[in-house]
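# Reading the structure
Now for the letters of each chain:
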Amino acid sequence: MNHGDINTRRDGEESQAPEKLVAALEELPARRVFVPPVVDAAVLLAAHRHLAKPRDSVTGSFRFWRNWPVWTAACLAMLGLVYLFIRPTGGTSAIAREDINRDGRVDILDAFQLARELGSGQKPAPGLDLNGDGVVDSRDVEIIAVQAVKLGKGGRS
Amino acid sequence: MALTCGRLSAQPGADAAVQFRAVDIYVDSKEQPLAAYQLEFSVTNGASAAKIAGIEGGESLAFSEPPFYDPRAIQHERVIIAAFSTNAVSNLPKGKTRVATIHLQTSRVVEPEFELKLEVAADLNGNRIPAQATARERKAQ
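Residues numbered from 1 in each chain as written. Chains lettered and ligands numbered in written order. Predicted model: local features only at pLDDT ≥ 70, side-chain atom pairs only at ≥ 80, totals over all residues.

### Quick word on the overall build of chain A
For chain A, the helix and strand inventory stands at six helices and zero strands. Going from N to C terminus, chain A has its helices and strands arranged as α-α-α-α-α-α. Here chain A holds 157 residues, and 13% of them are scored as buried. (Helix = DSSP H or I, 4+ residues; strand = E, 2+ residues; numbered from the N terminus. Buried ≥ 20, exposed ≤ 12 C-beta atoms within 10 Å, placed from the backbone.)

Encoded structure:
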């Protein structure tokens, strides 16, 4: 038997929907949400304004370049974050100030090199004033030597 | 980097539960004058076998002062020692020379075993030179 559209209710037919659903649907008009006319008007006004704006690509491009300081700052912030994640974390991979001979590690040869430079009368780089007393001397050599023999935190001692 | 391992033998006649031993550290720079060295000494079977009690300098004038070391190594089983000398080449040792002595506090129960790693040796110009480090227990006279 063909009943045509199943959503069409015919006279005399009982509803096939569950009773709970029917009850809920019948109750729906009683629960109307009140929307103040002011809100309706505001939404309408905002929609009109939005739709009235031209949407050509030239304007979009102009908007992007008008905000270039923001984009630049965002890019720099991203680069900074990337650097924080990939930067070397100490040890021998970073060139330390004490690594005088630039061989990637601080050892007694660095202290020895600075001692030789001081002994031969060469003027060492001001950056080698490791204790910050204003002069590069044997005390700075000692600081490097102490650094060279320092036991690592992860060591057994 | 050279690596040397060794084992100390118990001194006869020592009855105390704890005893002290001296281990002489040598660096052999062959024909080259030795101006700087850095090495790591460690007791490989734990601090219960031996603990470092003190460190003194070597036999030659160039290395007679105690080497640089981390004071935290005392009473532990691992130390890095290093020294250099800016003396004239004629005052630098050649061949096998005692560069330091490490004093150990040892247990009579466990025989200490140790490892010696020469990290670097250099001549007067700071150039790395091939060398070998060895350790030998000093016998009582």
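### A few points about the interface of chain B and chain A
Each partner contributes residues to the interface: chain B has 19 residues there, and chain A has 19 residues. Of all the secondary-structure elements, those providing two or more residues to the side of chain B that touches chain A are strand 3 (36-43), strand 5 (78-84) and strand 7 (113-122) of chain B. Counting residues per element, the side of chain B that touches chain A draws most heavily on strand 5 of chain B, at five residues. Here the residues of the side of chain B that touches chain A sort into 10 nonpolar, four polar and five charged. (Contact = placed C-beta atoms within 7 Å. Nonpolar A, V, L, I, M, F, W, Y, C, P; charged D, E, K, R; others polar.)

### So, the environment of Asp 123 of chain B
Mapped onto the secondary structure, Asp 123 of chain B falls in the loop between strand 7 and strand 8 (132-137). Those residues in contact with Asp 123 of chain B, other than ones at most four positions away along the chain, are Gln 32, Pro 33, Ala 35 and Ile 129 of chain B.

### Side note on the sheet that holds strand 8 of chain B
Residues and elements named next belong to chain B. Strand order in the open sheet formed by four strands is 4-6-2-8, with antiparallel pairing between adjacent strands. Bordering the open sheet on either side are strand 4 (50-57) and strand 8, each of which pairs with just one other strand. Averaged over neighbouring strand pairs, the angle between their axes works out to 25° when direction is ignored. One ladder, built from 11 bridges, connects strand 2 (residues 18-28) with strand 6 (residues 96-107); its direction is antiparallel. For Val 27, the partnering residue across the bridge sits in strand 6 and is Thr 97. (Pairing = 2+ DSSP bridges. Axes fitted to C-alpha atoms, helices over the stretch in contact; angles between N-to-C directions.)

### Examining unusual backbone geometry
Where the residue is not glycine, phi is negative for most of them; where a peptide bond is considered, it is trans in most cases. Residue and element names in this part refer to chain B. One non-glycine residue, Lys 30, lies in positive phi territory at about 55°. You can see Lys 30 is positioned in the loop between strand 2 and strand 3. For Lys 30, a count of 12 C-beta atoms within 10 Å gives the class exposed. A positive phi angle, near 70°, is found at Gln 75, a position not held by glycine. With respect to the secondary-structure elements, Gln 75 resides in the loop between strand 4 and strand 5. The exposure class of Gln 75 is exposed, given the 12 C-beta atoms found within 10 Å.

### Quick notes on the pairing of strand 3 of chain B
Every other side chain in a regular strand lies on the same face of the sheet, so the side chains alternate between the two faces. Residues and elements named next belong to chain B. With respect to burial, strand 3 is a largely interior element, seven of its eight residues being buried. Direction of pairing for strand 3 relative to strand 7: antiparallel, over a ladder of eight bridges. Paired with Glu 40 across the two strands is Lys 117, which belongs to strand 7.

### Brief notes about the confidence of the model for chain B
Residues and elements named next belong to chain B. Per-residue pLDDT for chain B has a mean of 90; in total, 89% of the residues score no lower than 70. Looking over chain B, one finds the lowest element-wise mean pLDDT in strand 1 (residues 2-7), namely 66, and the highest in strand 5, namely 97. Interface scoring of the predicted complex returns ipTM 0.87; its pTM is 0.65. (pLDDT = per-residue confidence, 0-100.)

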